[in-house]
Amino acid sequence: MAHRVLHFIADFFVYETAKSVVVKSWSVGIINRVVQLLIILYFIGWVFMHEKGHQLRDTGIESAVMTKVKGLGKFNNHVMDVADYVVPSQGGSSFAVITSMVITANQTQGRCPETEDKFKCTTDDNCMAKLGSNLGNGIITGTCLNTTNGKTGWCEIEGWCPAEDDKVSEKPMKEVENFTIFIKNSIRFPMFNVTRGNFPSSLNQSYIQSCHYDPVDHPFCPVFKVGDILRHINQSLDSITDKGGEIGININWKCNLDYNVMYCNPIYFFTRLDAAFENSVASKGYNFRFAKYHQSEDGTERRMLHKAKAIRFEIIVSGNAGKFSTVPFLINLVAALTSVGLATVFCDIILLNFHKGADEYKAKKFEEVSGDVSESANNRHCEGSQMSIKALEKSSNDSGTFSIGRQEAHSSSNQ
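Residues numbered from 1 in each chain as written. Predicted model: local features only at pLDDT ≥ 70, side-chain atom pairs only at ≥ 80, totals over all residues. Heavy atoms only, no water.

What UniProt records for the protein under Subunit (unreviewed entry) is the sentence "Homotrimer. Forms heterotrimer with P2RX2. Heterotrimeric P2RX2/3 has a ligand dose-response profile that is distinct from either homotrimeric P2RX2 or P2RX3." (UniProt positions renumbered as here; feature names shortened; annotations may be inferred.)

In structure tokens:
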């Protein structure tokens, strides 16, 4: 047992060093330098320049958005202003501009026939089968109305009457193309305590009232024309006003705070958010319902139901900021220097498996030394032996391989 412990201690206190073999081969040398160059270019071009690997990044952007729509249109012989077609009216980051409506006026609580084709009937049994349905304009009572001489009628409902008939088509409000959207966006990067706005404070009111955003001519103008937004996303006015749709206005902040903060400005992108359902048969476009309530002189509660088709706008704010920091710079620098060593691994694979002098390279690179030398033999070796190191140079069939071997002369008794 003691012998094993001593043997483990002896094996533990051993120094190992790498053996260096210089291979003088044009082909392997070129491969080695090319791989090293590619690794260095990757870290310089992608990691440091593109991904800003030397910077500390703040992705927790804080944002506030205020919007204001302006424009006048005409729908169903009525002039529509902002209070009529913008829902909700608070001016937040999500709002809808109504382009057309189906209006059902003077509804009161009572019983009346349905208007949907799926609720047509000839007998009460047809309506009893639809009890509990959530697809109608009211609660199905189970009675079939307007059936005379075997003609088709409609199931009776209890709810707001008369029932809505949304098959009525109205000409949409085409003036929406000229409506403008004013966007005020303020952001903050809390890690660096940097606050910015989407337009400089030096812009005067007359400029804002007259400009329209253009990525080249007016990149800092915060006023967006609806028609320009539709052209940016290649959408026709007719298609989106007839059925409605959802449009995203993306405000992207990507700031390099190694430069002056005045260069931290947003970039705008426009997208059709419901593009996946643009050709859908089951659900296409965007619509919603709302009602306006009033009370008649006799005290009866009445309402005016609106089914609105609209363009919904979503203001989406994203971004990040970066600034030089020693810690990420050193981490990526060490990773770059370490990765350069991959060229050696790649060249070793070539030399050990595909090179003409693979066997010779293996013999020079991997050397196994073993020996149990007693203390007395070691003393005699120190007294009477001498060691010589001889460099051997051999040339392979191609450009050549340079290797170093070692020979030991034994004690004088063996000579």
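When its secondary structure is counted, the protein shows 11 helices and 16 strands. Of all 415 residues assigned to the protein, the portion counted as buried reaches 33%. For the protein, contacts bridging at least 24 residues in sequence account for 68% of all contacts bridging at least 6. (Helix = DSSP H or I, 4+ residues; strand = E, 2+ residues; numbered from the N terminus. Buried < 20%, exposed > 50% of the residue type's maximum accessible area, 1.4 Å probe, protein only. Contact = heavy atoms within 4.5 Å.)

Annotation from UniProt places "binding site: ATP" (unreviewed entry) at Lys68, Val69, Lys70, Thr180, Asn287, Phe288, Arg289 and Lys307. Summarising the element assignment, Lys68 is placed in strand S2 (residues 62–70). If we skip the residues at most four places from it in the chain, Lys68 touches Thr180, Ile181 and Phe182. Within the element layout of this structure, Val69 appears in strand S2. For Val69, a relative accessible area of 7% translates into the label buried. Sequence-distant contacts of Val69, defined by excluding residues within four places in its chain, comprise Val82, Tyr85, Val86, Phe95, Thr180 and Ile181.

This part covers the environment of Asn137. Mapping Asn137 onto the fold places it in the loop between helix H4 (124–128) and strand S8 (139–145). Between the alpha carbons of Asn137 and Cys161 there is a distance of 8.9 Å; along the sequence they are 24 residues apart. Residues contacting Asn137, with those up to four places away along its chain left out, are Glu114, Thr115, Glu116, Ile157, Ala163 and Glu164.

Taken as a whole, the protein shows an average pLDDT of 84; of its residues, 86% reach a score of 70 or greater. In this model residues 373–415 is a low-confidence stretch, pLDDT under 50, and it forms 46 contacts with partners more than four residues away in sequence or in other chains. (pLDDT = per-residue confidence, 0-100.)

A few words on the state of the cysteines. Counted by the stated rule, this structure contains five disulfides. The connectivity of the disulfide-linked cysteines in the protein, indexed sequentially, is 1-6, 2-4, 3-5, 7-8, 9-10. (Disulfide = S-S within 2.5 Å.)

To continue, consider the packing of helix H8 (residues 326–340) against helix H9 (residues 342–353). Packed helices, taken two at a time, are described by the angle their axes make and the gap between the axes. Running from N to C, H8 and H9 point in directions that differ by 15°, and their axes come no closer than 4 Å. On the basis of the axis angle, H8 is roughly parallel to H9. Residues Thr338, Ser339 and Val340 of H8 lie in contact with H9, whose contacting residues are Leu342, Ala343 and Thr344. Looking at the contact of H8 with H9 residue by residue, the classes come out as three nonpolar, three polar and no charged. (Axes fitted to C-alpha atoms, helices over the stretch in contact; angles between N-to-C directions. Parallel < 35°, antiparallel > 145°, perpendicular 65-115°, else oblique. Nonpolar A, V, L, I, M, F, W, Y, C, P; charged D, E, K, R; others polar.)

Opposite charge on two side chains lets them pair, provided their charged atoms get close. Per the stated rule, a full pass over the model turns up 15 salt bridges. The partner of Arg272 in a salt bridge is Asp274, with the nearest N and O atoms 2.5 Å apart. Taken individually, Arg272 and Asp274 each receive the classification buried, so the pair is uniform in this respect. Residues participating in the shared-partner salt-bridge network are Glu164, Asp166, Arg289 and Lys307. (Salt bridge = Lys/Arg side-chain N within 4 Å of Asp/Glu carboxyl O.)

Here the focus is the packing of H9 against helix H10 (residues 358–365). Packing of H9 against H10 brings their axes to within 6 Å, and their N-to-C directions diverge by 120°. As far as their axial angle goes, H10 and H9 are oblique. Along the contact surface, H9 presents Asp348, Leu351 and Leu352, while H10 presents Ala358, Tyr361, Lys362 and Lys365. Counted by class, the contact of H9 with H10 contains four nonpolar, no polar and three charged residues.

The next subject is the side chain of Arg272. Assignment of secondary structure puts Arg272 in strand S14 (residues 266–272). For Arg272, the contacting residues outside a window of four places in its chain are Ile233, Gln235, Ile240, Gly244, Gly245, Glu246 and Glu278.

Turning to the environment of Gly197, a few remarks are in order. For Gly197, the location among the structural elements is in strand S11 (residues 194–197). Accessibility expressed as a relative area gives 28% for Gly197, which makes it partly exposed. For Gly197, the contacting residues outside a window of four places in its chain are Asn185, Ser186 and Trp253.

With that settled, consider the UniProt feature "transmembrane region" (unreviewed entry) in the protein. UniProt annotation of "transmembrane region" (unreviewed entry) refers to residues 30–49 and 329–354 when read in the numbering used here. Strand forms 0% of residues 30–49 and helix 100%; the C-alpha atoms that close the span are 27 Å apart. The distance from the first to the last C-alpha atom of residues 329–354 is 38 Å, and the span holds 92% helix and 0% strand.

Moving on, we come to the pairing of S14. The side-chain alternation of S14 yields one buried face, formed by Pro266, Tyr268, Phe270 and Arg272, and one unburied face, formed by Ile267, Phe269 and Thr271. Relative to S14, strand S13 (residues 245–256) is paired through seven bridges, and the arrangement is antiparallel. Following the sheet pairing, Ile251 is matched in S14 by Tyr268. (Pairing = 2+ DSSP bridges.)

What follows covers the packing of aromatic side chains. Under the definition given, this model contains 14 aromatic pairs. Between Tyr213 and Phe224, the ring centres sit 4.9 Å apart and the planes meet at 35°, which makes this aromatic pair tilted. Of this pair, Tyr213 sits in the loop between helix H5 (205–210) and strand S12 (223–225) while Phe224 sits in strand S12, placing them 11 residues apart in sequence. Of the residues examined, Phe224 reaches a relative accessible area of 1% and is grouped as buried. Ring pairs connect the aromatic residues Tyr213, Phe224, Tyr268 and Phe270, which therefore count as one cluster. (Phe/Tyr/Trp six-rings, centres within 6.5 Å; stacked < 30°, edge-to-face > 60°.)

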